[in-house]
Protein chains: 4
Amino acid sequence: MMISPLHRYLADMIDSLRPMTAGTVNPVTETATQPDIQKFGITLTTVNGQQYSSGDADHKFAIQSIAKVFAYGLALDDLGPTQVGKKIDVEPSGDPFNEISLQRNTGRPANPMINAGAIATVGLIKGRGGVDRISRISRTMDLAADGSPGQLEINRTVFHAENIAGHRNRALAWLLRSFEIIDSDPEPVVQDYFLECSTDVTTENLSMMAATLANKGINPVTGREVFTEETTRQVLGVMMTCGMYDAAGNWMIDIGLPAKSGVDGGIMVVVPGQLGIGVYSAPLDQHGNSVRGAAAIRRVTRDLGLHYA
Amino acid sequence: MMISPLHRYLADMIDSLRPMTAGTVNPVTETATQPDIQKFGITLTTVNGQQYSSGDADHKFAIQSIAKVFAYGLALDDLGPTQVGKKIDVEPSGDPFNEISLQRNTGRPANPMINAGAIATVGLIKGRGGVDRISRISRTMDLAADGSPGQLEINRTVFHAENIAGHRNRALAWLLRSFEIIDSDPEPVVQDYFLECSTDVTTENLSMMAATLANKGINPVTGREVFTEETTRQVLGVMMTCGMYDAAGNWMIDIGLPAKSGVDGGIMVVVPGQLGIGVYSAPLDQHGNSVRGAAAIRRVTRDLGLHYA
Amino acid sequence: MMISPLHRYLADMIDSLRPMTAGTVNPVTETATQPDIQKFGITLTTVNGQQYSSGDADHKFAIQSIAKVFAYGLALDDLGPTQVGKKIDVEPSGDPFNEISLQRNTGRPANPMINAGAIATVGLIKGRGGVDRISRISRTMDLAADGSPGQLEINRTVFHAENIAGHRNRALAWLLRSFEIIDSDPEPVVQDYFLECSTDVTTENLSMMAATLANKGINPVTGREVFTEETTRQVLGVMMTCGMYDAAGNWMIDIGLPAKSGVDGGIMVVVPGQLGIGVYSAPLDQHGNSVRGAAAIRRVTRDLGLHYA
Amino acid sequence: MMISPLHRYLADMIDSLRPMTAGTVNPVTETATQPDIQKFGITLTTVNGQQYSSGDADHKFAIQSIAKVFAYGLALDDLGPTQVGKKIDVEPSGDPFNEISLQRNTGRPANPMINAGAIATVGLIKGRGGVDRISRISRTMDLAADGSPGQLEINRTVFHAENIAGHRNRALAWLLRSFEIIDSDPEPVVQDYFLECSTDVTTENLSMMAATLANKGINPVTGREVFTEETTRQVLGVMMTCGMYDAAGNWMIDIGLPAKSGVDGGIMVVVPGQLGIGVYSAPLDQHGNSVRGAAAIRRVTRDLGLHYA
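Residues numbered from 1 in each chain as written. Chains lettered and ligands numbered in written order. Predicted model: local features only at pLDDT ≥ 70, side-chain atom pairs only at ≥ 80, totals over all residues. Heavy atoms only, no water.

## Some remarks on the confidence of the model for chain A
Argument step 1. Of the residues in chain A, 95% have a pLDDT of 70 or more, and the chain-wide mean is 93.
Argument step 2. Model confidence for the complex: the whole-complex pTM is 0.91, and ipTM, which rates the interface, is 0.88. (pLDDT = per-residue confidence, 0-100.)

## Here's the deal with the packing of aromatic side chains
Argument step 1. Within the structure shown, the criterion is met by twelve aromatic pairs over all chains.
Argument step 2. Note on Phe61(A) and Tyr280(A): the rings are 4.2 Å apart at their centroids and 15° apart in plane angle, and the pair reads as stacked. Here Phe61(A), found in strand 3 (residues 61-62), pairs with Tyr280(A), found in strand 8 (residues 275-280); they are 219 residues apart in sequence, far enough to count as distant.
Argument step 3. A residue is classified by how much of its surface remains accessible, and Tyr280(A), at 2% relative accessible area, is buried.
Argument step 4. Summarising the aromatic geometry, the rings of Phe70(B) and Phe227(B) are spaced 6.3 Å apart at their centres and angled 25° between planes, so their arrangement reads as stacked. (Phe/Tyr/Trp six-rings, centres within 6.5 Å; stacked < 30°, edge-to-face > 60°. Helix = DSSP H or I, 4+ residues; strand = E, 2+ residues; numbered from the N terminus. Buried < 20%, exposed > 50% of the residue type's maximum accessible area, 1.4 Å probe, protein only.)

## Let's talk about the relation of the copies chain B and chain A
Argument step 1. Between chain B and chain A, the superposition needs a rotation of 180° and an axial shift of 0.1 Å, giving an RMSD of 0.0 Å. Considering both components of the superposition, the chain copies are consistent with a two-fold axis.
Argument step 2. Most of the interface of chain B is mirrored in chain A: 100% of its interface residues are interface residues there too. (Least-squares fit on C-alpha atoms with pLDDT ≥ 70 in both. Contact = heavy atoms within 4.5 Å.)

## Some thoughts on the packing of helix 7 (residues 167-178) of chain B against helix 8 (residues 186-197) of chain B
Residues and elements named next belong to chain B.
Argument step 1. Helix 8 packs onto helix 7 with a crossing angle of 135° between their chain directions and a minimal axis gap of 9 Å. Put simply, helix 7 runs oblique to helix 8. Note on packing geometry: the crossing formed by helix 7 with helix 8 is right-handed. Of the residues in helix 8, those in contact with Asn169, Arg170, Ala173, Trp174 and Arg177 of helix 7 are Pro186, Glu187, Val190, Gln191, Tyr193 and Phe194.
Argument step 2. Its residues assigned to classes, the contact of helix 7 with helix 8 shows six nonpolar, two polar and three charged. (Axes fitted to C-alpha atoms, helices over the stretch in contact; angles between N-to-C directions. Parallel < 35°, antiparallel > 145°, perpendicular 65-115°, else oblique. Left-handed = near helix turned anticlockwise from the far one by under 90°. Nonpolar A, V, L, I, M, F, W, Y, C, P; charged D, E, K, R; others polar.)

## Considerations on the interface of chain B and chain A
Argument step 1. On the side of chain A, 27 residues touch chain B, which itself brings 27 residues to the contact.
Argument step 2. Taken over both partners, the interface formed by chain B and chain A buries close to 2,100 Å², and the fraction arising from carbon and sulfur atoms is 64%.
Argument step 3. If you look at where chain B meets chain A, you find zero salt bridges.
Argument step 4. The interface formed by chain B and chain A contains ten residue pairs in polar contact (both at pLDDT 80 or more).
Argument step 5. Only helix 10 (229-242) and helix 11 (248-254) of chain B provide two or more residues apiece to the side of chain B that touches chain A.
Argument step 6. For the side of chain B that touches chain A, the element with the highest residue contribution is helix 10 of chain B, accounting for seven residues.
Argument step 7. Looking at the side of chain B that touches chain A residue by residue, the classes come out as 13 nonpolar, eight polar and six charged. (Buried area = accessible area lost by both parts, 1.4 Å probe. Salt bridge = Lys/Arg side-chain N within 4 Å of Asp/Glu carboxyl O. Polar contact = N/O pair within 3.5 Å; in protein donor to acceptor, adjacent residues only side chain to side chain.)

## A few points about the environment of Ala118(D)
Residues and elements named next belong to chain D.
Argument step 1. Summarising the element assignment, alanine 118 is placed in helix 4 (residues 115-124).
Argument step 2. Accessibility expressed as a relative area gives 2% for alanine 118, which makes it buried.
Argument step 3. Sequence spacing of alanine 118 and alanine 173 is 55 residues, and the spatial spacing of their C-alpha atoms is 10.0 Å.
Argument step 4. Those residues within four positions of alanine 118 in sequence are excluded, and the remaining contacts are Lys68, Pro112 and Tyr193.

## Structural notes on the sheet that holds strand 2 (residues 51-55) of chain C
All names here are of chain C.
Argument step 1. Strand order in the open sheet made by the five strands is 2-1-8-7-6, with antiparallel pairing throughout. Of all strands in the sheet, those bounded by a partner on one side alone are strand 2 and strand 6 (259-261). Shown here is a sheet whose adjacent strand axes are inclined to one another by a mean of 10°, direction ignored.
Argument step 2. Inspection of the sheet shows strand 1 (residues 41-46) paired to strand 8 (residues 275-280) by six bridges, in the antiparallel sense. Residue pairing in the sheet places threonine 43 in a bridge with glycine 278 of strand 8. (Pairing = 2+ DSSP bridges.)

## Describing helix 8 (residues 186-197) of chain A
Residue and element names in this part refer to chain A.
Argument step 1. Taking 1.5 Å of rise per residue, the twelve residues of helix 8 would be expected to cover 16 Å, and the 17 Å separating its terminal C-alpha atoms lies within 8% of that figure.
Argument step 2. Every buried residue of helix 8 is listed here: Pro186, Val189, Val190, Asp192, Tyr193, Phe194, Leu195, Glu196 and Cys197.
Argument step 3. N-capping of helix 8 is provided by aspartate 185, with a side-chain oxygen placed 3.1 Å from the backbone N of glutamate 187. (Expected span 1.5 Å × (residues − 1).)

## Notes on the sheet that holds strand 5 (residues 199-201) of chain D
Argument step 1. Strand order in the open sheet formed by three strands is 3-5-4 (chain D), with antiparallel pairing between adjacent strands. Across the chains shown, the open sheet's two edge strands, defined by having one partner strand only, are strand 3 (61-62) and strand 4 (153-154) of chain D.

See the structure below:
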């Protein structure tokens, strides 16, 4: 088997960043799964479906907040941007991910990437054709990841840990209920939110999911449309300004690409028309973004000239 | 003289959008200059320095908040991003332009595009080599606009109007002084802030200034470096997330390009590596952005396929 | 039977204020019990246990937020002011009753009279000696009301209405849980909070309860200590600054006495060392205080010279 | 001369509290006047004009925020509570003294005891009959203090120190100007605010000023009306809920009397119908209230049974 220059580049990059030891594992993750902080992997997927990996690219971890992106896409495809926009705005909030950040009087969350907005997103998605809500969300992620090795599965240990620690998210859900942003019992909504976040993925999966978004919503391997082009465009716009929490501005200057991070250590980056990137390493910076993951993304986007400007 | 297809396209676009009557002229502008709400112009400038205009592209109006972009670039070139970053963050605030939005405890403004951040920016710029602060800011704008017709000049009527209505900006300046974000008498800082905002420009000027930013900081006609490449990149990143006030997220989805609007009706848009766009029409939407101007930008970026994604 | 001058004074006062028609019935109350907006009663009880009533003094209505006072007293007697103070502060918040008003970082509610603080108070009270929490709270109110006609009973219709409309209170309870201000499942805490608020009283009951507080915690008729003198002092201090929601300052100037109002239209006022006053009329002003009730209190305190200053 | 039991009581109390060493001198005061932290004095004045002092009762210190009380009384007498209430509310804010605490949209300060409200109060007072504003404020304080030894004088050193450190107060003044709460140039308003705060007093003066308020606005020695009874009642109501900054609730429970503290170490307490108390000691607790002063007030009100309840 031939080793491409890109494979070699990625291997060198992983080697040079692996010694970074800064960051702390998310406490809930630590308790639930005691992750190996040495694990560090990256996968690039082109819009032609070609994958390039290095490091622990087949290591499973919980997708966490990155799931918000796909639930939001599903809600947009179900209801259209106007209906969704009545319940969830698309503006950066300048606040940390778990802030309340609801619009005065209406209770509309600032965007679908903060927890309040993501819980509201789940509330907008309904079961259809005998398929219940969480199955529809899972299936959306499956369709985006198709063509990458392995299967997405919900990690029950992570779910259980999120569920018992989820007081603040339940508070957000009841607050959304009080403003009629959620129109039914909030408890099943929160449960489904925890379930989507507890989905196990690899950087191979994540990178294919990103490539689907880079490819205007069409899975590069299966050719199936996961999201419409309009939905994909809106999803990417929101990731661009709201995907990296209160570090959105710094990320824009540094990286300038739509991205979304998860608290277990995954980051997904989209290079529209070109690539999807998935990267993983558990220790997080103070904004909740993977330290090695962000460094890898910074390196790759600079070296490959991927910044939008 | 031959009319290029692009000229014809712009002329048709101006004609089709001119009937839009929504929006309100900014009250301070109304009192100061009673602008003609029929005036509507656009100019595109390529990174080769070629200009394409239509409508009232030689009509003068005050640059207002668009000046913040150039003062910020000058401060970055003077002090570097680290020193500037200690005083002014680069994060979207989710607040209207005149909100206080200072970081708790430190008083650091959220970004240089809100008024507090723009006033702090002026405070960071010092006179040099016998040239005082406002002259250095004016000269920076001149260098960026060079090669477009006419001269930038400060409009004393606008300055006077801003100055007497500027209570809230003075409050912001004193607040910044109390946090040592501004380290000298705030009054001259506020004065220079009003002066930079009162600079008269045309869409021809604005478009050339945008083209300078699109061209990595180098004026496309004179070939002079106005800003370093690193400064330009940071300026564009901040425009991308913070340039359109609390409509940043919607703008990202719709347009997806670094932009900055001014309350007199100008909008400047940068298509990195390709184009600078300047557009003008006085009536504003509720976010303070020109109604016809935003519509023109939306049309042009769609028709020419300029969206980043 | 002889009519005392005080009886005649109260009868005249009721007659003269009955024509006041301003105010709106609380929507949840309206739906649950369709109260008669003509009902209007007042009772004064001296610290010797003598009662003077006029109007509909035997009309039953839900005690609502006035119950917070007695639950707070019970928590203070159970745990002492230091332990209670760690979980609930005693400072006016300047916010409406249903505001979040939790201390940054610690989540400590500003005071026990806002909903967040009252829910936290219930969470501090535990079952004792085989008597469960809500029975202990009910018994505390019974002991304070003893000697007045009738029995306090929980109104199940009101409880049901509060319970199904209680989204925001559940949100507050989960938020308190996330800050460990509540240390167990919030749902039973919220249920007991709704139960205490759904207790039916008359102004005869309320006035006796107030007289118990006016009498340093000792029921004037039975001579039983309901609260210690130290607890009573703290309860009155908190009522003084926090009892009338965001109208605390106006109430202090106007009335200058510890008071607590409930959303069904009751107001309880304490004249330390002298009197307890209970008044009822359903229509409320914009702060949630009974319009006729507040007018009656204002009249009585002026005419009888009861203002503290 | 006979030593009364009250004199002996006060002397013993001063002796027993003098060893308290907690607290920090206000930094601006420290720089301006290097106060002797051993100085500790108290004066009680009855509504008959009899004074009882102990400790350093003739030591001069700047009145600071206690002046706000008298400026507010003057504004109320000039304009009446309705006009004043349009510009300044009477509600506790739950915020520290230098917080912004302006009502959303209107910019109305929460109460006249926070700096924003006190600056707005000065703005409401105009020169009259050839007497300028600051002279009218000074004269009001003189009239209240008349009959106590010595003369009130503005301390120019303190004024200068406040003036150069007054950035935040200037910011508040410009903010008030922007909301039209202040209707003229804010700079002279802030100057007069600093001047009133820089007035030197002794506890003998302060106690007489308090006794004037305890005596319904009539100076107990001269018999002159300084404030109307209605104004005095409103002033005392506001002191009760807003006089001790964000410790208002604790003060109510502990002391339960209208009071006002100043950052140089003075506290003034009013026992309506009975006494005025002035106390001084420079070191402050974290709320900005004199440590020994508050302890002395707590002791005296308990021992003499002065708590309202």
